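# Notes for the structure review
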Amino acid sequence: MIKSDQRPLYLQVIDKIKSDIEQGVYEAGERLPSEFQLSKQLGVSRATLREALRMLEDESVIIRRHGVGTFINTKPLFSSGIEELFSVTDMIKRGNKEPGTNYLSSSIEKPTDEDQKRFQDEELQEMIVIERVRTADSEPVVYCLDKIPKNCLPDYVSHEEQSLFDQLEKSGISIAYAMTQIEPIGYHERVSEILDCEPETALLVLKQMHFDEQERPVLYSINYFRADKFKFHVLRKRVY
(Lines give C-alpha, C1' and ligand atoms only; values in the text may rest on other atoms or scores of the structure.)
Protein backbone atom coordinates (compact mmCIF):
# COMPACT_ATOMS: atom_id res chain seq x y z
CA MET A 1 0.00 0.00 0.00
CA ILE A 2 1.25 3.46 -0.93
CA LYS A 3 2.04 5.79 1.97
CA SER A 4 0.76 9.06 0.61
CA ASP A 5 2.96 12.16 0.56
CA GLN A 6 2.80 15.47 -1.27
CA ARG A 7 3.94 14.12 -4.64
CA PRO A 8 1.61 12.95 -7.44
CA LEU A 9 0.44 9.39 -6.82
CA TYR A 10 1.95 7.98 -10.02
CA LEU A 11 5.43 9.10 -8.87
CA GLN A 12 4.89 7.35 -5.56
CA VAL A 13 3.85 4.19 -7.40
CA ILE A 14 7.04 4.38 -9.50
CA ASP A 15 9.19 4.69 -6.37
CA LYS A 16 7.32 1.83 -4.67
CA ILE A 17 7.81 -0.57 -7.57
CA LYS A 18 11.48 0.39 -7.92
CA SER A 19 11.95 -0.11 -4.17
CA ASP A 20 10.29 -3.54 -4.36
CA ILE A 21 12.68 -4.51 -7.17
CA GLU A 22 15.73 -3.37 -5.17
CA GLN A 23 14.54 -5.28 -2.09
CA GLY A 24 13.94 -8.47 -4.07
CA VAL A 25 10.14 -8.46 -3.90
CA TYR A 26 10.24 -8.69 -7.69
CA GLU A 27 13.16 -10.27 -9.53
CA ALA A 28 14.45 -9.73 -13.05
CA GLY A 29 12.25 -11.50 -15.56
CA GLU A 30 9.40 -11.93 -13.07
CA ARG A 31 5.86 -11.15 -14.17
CA LEU A 32 4.04 -8.41 -12.27
CA PRO A 33 0.52 -9.02 -10.93
CA SER A 34 -2.34 -7.95 -13.20
CA GLU A 35 -3.29 -4.25 -13.28
CA PHE A 36 -6.38 -5.04 -11.20
CA GLN A 37 -4.37 -6.90 -8.55
CA LEU A 38 -1.52 -4.39 -8.48
CA SER A 39 -3.79 -1.33 -8.25
CA LYS A 40 -5.64 -3.01 -5.39
CA GLN A 41 -2.37 -3.86 -3.58
CA LEU A 42 -1.09 -0.30 -3.92
CA GLY A 43 -4.41 1.38 -3.20
CA VAL A 44 -4.44 3.48 -6.37
CA SER A 45 -6.68 3.73 -9.40
CA ARG A 46 -5.86 1.74 -12.52
CA ALA A 47 -5.42 5.02 -14.41
CA THR A 48 -2.72 6.08 -11.92
CA LEU A 49 -1.08 2.66 -12.14
CA ARG A 50 -1.09 2.75 -15.95
CA GLU A 51 0.66 6.14 -15.97
CA ALA A 52 3.31 4.81 -13.56
CA LEU A 53 3.81 1.66 -15.67
CA ARG A 54 4.09 3.74 -18.84
CA MET A 55 6.92 5.77 -17.31
CA LEU A 56 8.61 2.66 -15.93
CA GLU A 57 8.49 1.16 -19.41
CA ASP A 58 10.05 4.35 -20.85
CA GLU A 59 12.89 3.90 -18.33
CA SER A 60 13.23 0.21 -19.34
CA VAL A 61 12.51 -0.86 -15.75
CA ILE A 62 9.66 -3.03 -16.99
CA ILE A 63 8.78 -4.55 -20.33
CA ARG A 64 5.28 -5.25 -21.63
CA ARG A 65 4.60 -8.32 -23.73
CA HIS A 66 1.36 -7.93 -25.63
CA GLY A 67 -1.20 -10.50 -24.57
CA VAL A 68 1.18 -11.99 -21.99
CA GLY A 69 1.76 -9.44 -19.24
CA THR A 70 4.22 -6.97 -17.71
CA PHE A 71 7.64 -8.18 -16.62
CA ILE A 72 10.58 -6.79 -14.66
CA ASN A 73 13.30 -6.03 -17.20
CA THR A 74 16.71 -7.59 -16.79
CA LYS A 75 19.49 -5.14 -15.94
CA PRO A 76 22.22 -4.72 -18.56
CA LEU A 77 25.20 -6.97 -17.83
CA PHE A 78 27.67 -4.68 -19.53
CA SER A 79 28.03 -0.94 -19.14
CA SER A 80 30.53 1.36 -20.79
CA GLY A 81 31.10 5.05 -21.32
CA ILE A 82 30.55 5.73 -25.00
CA GLU A 83 33.60 8.02 -24.90
CA GLU A 84 35.72 5.00 -23.88
CA LEU A 85 36.90 2.84 -26.77
CA PHE A 86 37.00 -0.83 -25.81
CA SER A 87 36.84 -3.89 -28.00
CA VAL A 88 33.75 -6.08 -27.53
CA THR A 89 36.05 -8.70 -26.02
CA ASP A 90 37.24 -6.24 -23.36
CA MET A 91 33.69 -5.09 -22.61
CA ILE A 92 32.58 -8.67 -21.97
CA LYS A 93 35.64 -9.35 -19.80
CA ARG A 94 34.90 -6.19 -17.79
CA GLY A 95 31.46 -7.63 -17.13
CA ASN A 96 33.14 -10.71 -15.61
CA LYS A 97 31.95 -12.98 -18.41
CA GLU A 98 33.90 -15.28 -20.68
CA PRO A 99 34.02 -13.87 -24.24
CA GLY A 100 33.58 -16.15 -27.19
CA THR A 101 33.17 -15.90 -30.95
CA ASN A 102 30.99 -17.74 -33.45
CA TYR A 103 32.20 -17.05 -36.99
CA LEU A 104 29.40 -16.83 -39.54
CA SER A 105 31.56 -15.87 -42.51
CA SER A 106 34.95 -14.47 -43.45
CA SER A 107 35.82 -13.48 -47.00
CA ILE A 108 37.94 -11.28 -49.23
CA GLU A 109 35.73 -9.00 -51.30
CA LYS A 110 36.08 -6.23 -53.83
CA PRO A 111 35.36 -2.87 -52.15
CA THR A 112 32.27 -0.92 -53.10
CA ASP A 113 32.39 2.73 -54.08
CA GLU A 114 31.13 3.49 -50.57
CA ASP A 115 34.00 1.47 -49.06
CA GLN A 116 36.56 3.46 -51.08
CA LYS A 117 35.03 6.73 -49.89
CA ARG A 118 34.79 5.48 -46.31
CA PHE A 119 38.44 4.42 -46.23
CA GLN A 120 39.55 7.44 -48.27
CA ASP A 121 41.33 5.22 -50.78
CA GLU A 122 40.30 5.11 -54.44
CA GLU A 123 43.03 2.51 -55.08
CA LEU A 124 41.63 0.09 -52.51
CA GLN A 125 41.50 -3.38 -54.11
CA GLU A 126 40.56 -5.94 -51.44
CA MET A 127 38.52 -5.89 -48.25
CA ILE A 128 38.39 -8.45 -45.47
CA VAL A 129 34.71 -8.81 -44.53
CA ILE A 130 33.99 -10.67 -41.30
CA GLU A 131 30.61 -11.63 -39.88
CA ARG A 132 30.64 -12.82 -36.28
CA VAL A 133 28.48 -13.35 -33.22
CA ARG A 134 30.14 -12.45 -29.92
CA THR A 135 29.10 -14.44 -26.89
CA ALA A 136 29.29 -13.94 -23.13
CA ASP A 137 29.44 -17.24 -21.22
CA SER A 138 28.25 -18.86 -24.49
CA GLU A 139 25.17 -16.59 -24.75
CA PRO A 140 24.96 -14.55 -28.00
CA VAL A 141 25.02 -10.84 -27.16
CA VAL A 142 26.53 -8.92 -30.13
CA TYR A 143 26.36 -9.36 -33.88
CA CYS A 144 29.40 -7.86 -35.64
CA LEU A 145 30.04 -7.01 -39.26
CA ASP A 146 33.61 -5.77 -39.79
CA LYS A 147 35.42 -4.45 -42.85
CA ILE A 148 39.21 -4.05 -43.01
CA PRO A 149 41.43 -3.18 -45.98
CA LYS A 150 43.40 -6.32 -46.78
CA ASN A 151 46.70 -4.40 -46.73
CA CYS A 152 46.07 -3.47 -43.08
CA LEU A 153 45.86 -7.12 -42.07
CA PRO A 154 47.77 -9.16 -44.67
CA ASP A 155 48.19 -12.20 -42.39
CA TYR A 156 44.58 -12.31 -41.16
CA VAL A 157 43.46 -15.67 -39.79
CA SER A 158 39.78 -15.70 -38.87
CA HIS A 159 39.99 -17.99 -35.83
CA GLU A 160 43.34 -16.86 -34.45
CA GLU A 161 42.17 -14.06 -32.15
CA GLN A 162 38.81 -12.97 -30.81
CA SER A 163 39.70 -9.26 -30.86
CA LEU A 164 40.40 -7.55 -34.17
CA PHE A 165 42.09 -4.79 -32.17
CA ASP A 166 44.67 -7.35 -31.04
CA GLN A 167 45.21 -8.65 -34.56
CA LEU A 168 45.69 -5.13 -35.91
CA GLU A 169 48.21 -4.36 -33.18
CA LYS A 170 50.19 -7.48 -34.11
CA SER A 171 50.32 -6.04 -37.64
CA GLY A 172 51.70 -2.77 -36.28
CA ILE A 173 48.44 -0.80 -36.31
CA SER A 174 47.15 0.74 -33.08
CA ILE A 175 43.57 2.00 -32.92
CA ALA A 176 43.62 5.56 -31.58
CA TYR A 177 39.98 6.63 -31.81
CA ALA A 178 36.68 5.97 -33.56
CA MET A 179 33.89 8.05 -35.00
CA THR A 180 30.67 6.47 -33.81
CA GLN A 181 27.05 6.70 -34.88
CA ILE A 182 24.49 5.20 -32.47
CA GLU A 183 21.10 4.07 -33.65
CA PRO A 184 18.45 2.26 -31.56
CA ILE A 185 16.25 -0.11 -33.54
CA GLY A 186 13.50 -2.59 -32.76
CA TYR A 187 13.26 -6.15 -33.97
CA HIS A 188 15.63 -6.98 -36.84
CA GLU A 189 14.44 -9.90 -38.94
CA ARG A 190 17.86 -11.53 -39.24
CA VAL A 191 20.03 -10.20 -36.40
CA SER A 192 17.40 -10.55 -33.65
CA GLU A 193 17.00 -14.25 -34.50
CA ILE A 194 20.78 -14.76 -34.54
CA LEU A 195 20.99 -13.20 -31.05
CA ASP A 196 18.01 -15.22 -29.72
CA CYS A 197 16.11 -12.01 -28.93
CA GLU A 198 12.51 -11.88 -27.83
CA PRO A 199 10.34 -9.89 -30.30
CA GLU A 200 10.23 -6.90 -27.94
CA THR A 201 14.00 -6.80 -27.29
CA ALA A 202 15.53 -3.69 -28.85
CA LEU A 203 18.99 -3.47 -30.38
CA LEU A 204 21.61 -0.74 -30.16
CA VAL A 205 23.51 -0.36 -33.43
CA LEU A 206 26.97 1.21 -33.27
CA LYS A 207 28.45 2.11 -36.65
CA GLN A 208 32.11 2.93 -36.11
CA MET A 209 35.01 3.98 -38.26
CA HIS A 210 38.26 3.35 -36.40
CA PHE A 211 41.39 5.39 -37.04
CA ASP A 212 45.01 4.61 -36.24
CA GLU A 213 47.57 6.95 -34.68
CA GLN A 214 48.30 8.46 -38.11
CA GLU A 215 44.55 9.18 -38.44
CA ARG A 216 44.14 6.63 -41.21
CA PRO A 217 40.76 4.79 -41.36
CA VAL A 218 41.59 1.10 -40.76
CA LEU A 219 38.46 -0.67 -39.50
CA TYR A 220 34.75 -0.14 -40.13
CA SER A 221 32.38 -1.97 -37.80
CA ILE A 222 28.65 -2.33 -37.52
CA ASN A 223 27.84 -3.87 -34.14
CA TYR A 224 24.34 -4.84 -33.04
CA PHE A 225 24.21 -4.95 -29.23
CA ARG A 226 21.32 -6.50 -27.33
CA ALA A 227 19.85 -3.52 -25.47
CA ASP A 228 18.87 -5.75 -22.53
CA LYS A 229 22.52 -6.73 -22.08
CA PHE A 230 24.45 -3.54 -22.84
CA LYS A 231 24.15 0.02 -21.61
CA PHE A 232 26.20 2.94 -22.90
CA HIS A 233 26.55 6.26 -21.14
CA VAL A 234 28.37 9.52 -21.79
CA LEU A 235 29.60 12.42 -19.70
CA ARG A 236 28.33 15.68 -21.16
CA LYS A 237 29.74 19.02 -20.08
CA ARG A 238 27.96 22.32 -20.34
CA VAL A 239 29.45 24.71 -22.87
CA TYR A 240 29.43 28.38 -21.92
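Residues numbered from 1 in each chain as written. Predicted model: local features only at pLDDT ≥ 70, side-chain atom pairs only at ≥ 80, totals over all residues. Heavy atoms only, no water.

Moving on, we come to helix 2 (residues 35-42). Of the positions making up helix 2, those classed as buried are Leu-38, Ser-39 and Leu-42. Projected onto a plane normal to the axis of helix 2, the buried residues spread over an arc of 100° and lie on a single side. Of the exposed residues in helix 2, the ones pointing more than 90 degrees away from its buried face are Phe-36 and Lys-40. Looking at the buried positions of helix 2, the neighbouring elements they touch are helix 1 (9-22) and helix 3 (46-58). The first or second residue beyond helix 2 is Gly-43, which carries a positive phi of 75°. (Buried < 20%, exposed > 50% of the residue type's maximum accessible area, 1.4 Å probe, protein only. Helix = DSSP H or I, 4+ residues; strand = E, 2+ residues; numbered from the N terminus. Arc of directions from axis to C-beta. Contact = heavy atoms within 4.5 Å.)

Right, let's talk about the packing of helix 2 against helix 3 for a bit. Helix 3 packs onto helix 2 with a crossing angle of 105° between their chain directions and a minimal axis gap of 9 Å. Classed by the angle they form, the pair helix 2 and helix 3 counts as roughly perpendicular. Here Glu-35, Phe-36, Leu-38, Ser-39 and Leu-42 of helix 2 lie close against helix 3, whose contacting residues are Arg-46, Leu-49, Arg-50 and Leu-53. For the contact of helix 2 with helix 3, the per-class residue count stands at 5 nonpolar, 1 polar and 3 charged. (Axes fitted to C-alpha atoms, helices over the stretch in contact; angles between N-to-C directions. Parallel < 35°, antiparallel > 145°, perpendicular 65-115°, else oblique. Nonpolar A, V, L, I, M, F, W, Y, C, P; charged D, E, K, R; others polar.)

On to the environment of His-210, then. Tracing the backbone through its elements, the reader meets His-210 in strand 8 (residues 203-212). Assessed through its relative accessible area of 2%, His-210 is described here as buried. In this structure, the C-alpha to C-alpha distance between His-210 and Leu-85, residues 125 residues apart in sequence, is 9.7 Å. Not counting residues up to four positions away in its chain, the partners in contact with His-210 are Leu-85, Phe-165, Ile-175, Tyr-177, Ala-178, Arg-216, Pro-217, Val-218, Leu-219 and Ser-221.

We now examine the confidence of the model for the chain. The predicted model of the chain averages 87 in pLDDT, with 92% of residues at 70 or higher. By mean pLDDT, strand 3 (residues 78-81) is the weakest element of the chain at 67, and helix 7 (residues 191-194) is the strongest at 96. (pLDDT = per-residue confidence, 0-100.)

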